[in-house]
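Reading the structure
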Amino acid sequence: DQQVKQNSPSLRVQEGRISILNCDYTNSMFDYFLWYKKYPAEGPTFLISISSIKDKNEDGRFTVFLNKSAKHLSLHIVPSQPGDSAVYFCAASAMDSSYKLIFGSGTRLLVRP
Amino acid sequence: KAGVTQTPRYLIKTRGQQVTLSCSPISGHRSVSWYQQTPGQGLQFLFEYFSETQRNKGNFPGRFSGRQFSNSRSEMNVSTLELGDSALYLCASSVDGTNTEAFFGQGTRLTVV
């Protein structure tokens, strides 16, 4: 039972263009969402998060959008850079189970120079 | 500030053996969570500890266990290893585990042969 789904295993984008990574969830109790980036042989690093009381959060080149009615969130990277090439995981947590994160299976982003 | 430290980085074990992995959280962080990452599966939550108490547990068999010490360091133990236990085991620490971004270690790559 995958409560958090990232349906695109990979994404290729040209340097300077926008990268859009998508994530869907099924559990309506989720109220906090995070994006992590992972390079090979390293642990995931936190990128950006959003609470369910917001629909947008921005941090530099990274913006996360949350559509609660559609149970969908997306991460926009503008402009994309070759150093952004990594695997991106979305994760969610719920107030009634706030001590664990449920992760999607990840999307591998490749930004071509 | 030192990050999350996991030891060892790589481990090769034989089926039927047991293994203990270690995680030292960021100083001041009292919550430690463990995740298993396998290809195509994302990160699967194993368990979370806070002040030496397990607060949450994922859907893993009883062969997977853990504990936390008074200095917040945590260990994870897997007994009677199976080939399917081969994975990257990641530890994450956070201040209190409640909807705050978790900081991950580099992981321990376990290979069961």
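Cut-off values and rules
- Along each chain, the written sequence defines residue order, and numbers are assigned to residues from 1.
- Chains and ligands are labelled sequentially in the order written, the chains with letters from A and the ligands with numbers from 1.
- Residues qualify for local features only when their pLDDT is at least 70, as the model is predicted, and side-chain atom pairs are given and counted only at 80 or more; totals for whole chains, interfaces and linings, by contrast, use all residues.
- Excluding hydrogens and water, the side-chain figures rest on all heavy atoms present in the structure.
- Each helix is a run of DSSP H or I of at least 4 residues and each strand a run of E of at least 2, with the numbering of both proceeding from the N terminus.
- With the radius of gyration taken over C-alpha atoms, the globule rule is written as 2.2 Å times the number of residues to the power 0.38.
- Note on classification: 1.4 Å probe, protein chains only; a residue is buried when its accessible area is under 20% of the maximum for its type, exposed when over 50%, partly exposed between these limits.
- Contacts were defined at the residue level, with two residues in contact if any of their heavy atoms lie within 4.5 Å.
- Charge assignment: positive for Lys and Arg, negative for Asp and Glu; neither His nor the chain ends contribute.
- Lys charges are placed at NZ, Arg charges at CZ, Asp charges at CG and Glu charges at CD.
- Here a polar contact means two N or O atoms within 3.5 Å. Within protein one must be a hydrogen donor candidate and the other an acceptor candidate, and residues neighboring in sequence count only if both atoms are side-chain atoms.
- We count a salt bridge whenever a side-chain nitrogen from Lys or Arg sits within 4 Å of a carboxyl oxygen from Asp or Glu.

Glancing now at the overall build of chain B. The number of helices and strands found in chain B is zero helices and 11 strands. Helices and strands in chain B line up, N terminus first, as β-β-β-β-β-β-β-β-β-β-β. Its C-alpha radius of gyration of 13 Å places chain B within 12% of the 13 Å reference for a compact globule of 113 residues. Dimensions of chain B, computed from C-alpha atoms along their principal axes, come out at roughly 35 × 30 × 25 Å. The buried share of chain B, reckoned over its 113 residues, is 50%. Restricting the contact set of chain B to residue pairs at least 6 apart, pairs at least 24 apart contribute 54%. Between the mean site of the 11 positive side-chain charges and the mean site of the 7 negative ones, chain B shows a separation of 6 Å.

To continue, consider the side chain of His-29 of chain B. All names here are of chain B. Tracing the backbone shows His-29 in the loop between β3 (19-24) and β4 (31-38). Among the polar contacts made by the side chain of His-29, one reaches the side chain of Ser-93 at a distance of 2.8 Å. When neighbours within four sequence positions are excluded, His-29 is seen to be in contact with Ser-72, Ser-93, Ser-94, Val-95 and Phe-103.

The subject of this paragraph is the pattern of salt bridges. Residues and elements named next belong to chain B. Enumeration over the complete set of coordinates arrives at seven salt bridges over all chains. Arg-73 is the partner of Glu-75 in a salt bridge, and the nearest nitrogen-oxygen pair spans 3.4 Å. Owing to a relative accessible area of 23%, Arg-73 belongs among the partly exposed residues under this scheme. Several salt bridges converge on common partners, so that one network encompasses Arg-63, Glu-82 and Asp-85.

Each partner contributes residues to the interface: chain A has 21 residues there, and chain B has 23 residues. On inspection of chain A and its partner chain B, the count reaches zero salt bridges. At the boundary of chain A with chain B, the tally comes to three residue pairs in polar contact (both at pLDDT 80 or more). When contributions to the side of chain A that touches chain B are tallied by element, the ones reaching two or more residues are β4 (30-38), β9 (86-94) and β10 (97-103) of chain A. No other element matches β10 of chain A, which puts six residues into the side of chain A that touches chain B.

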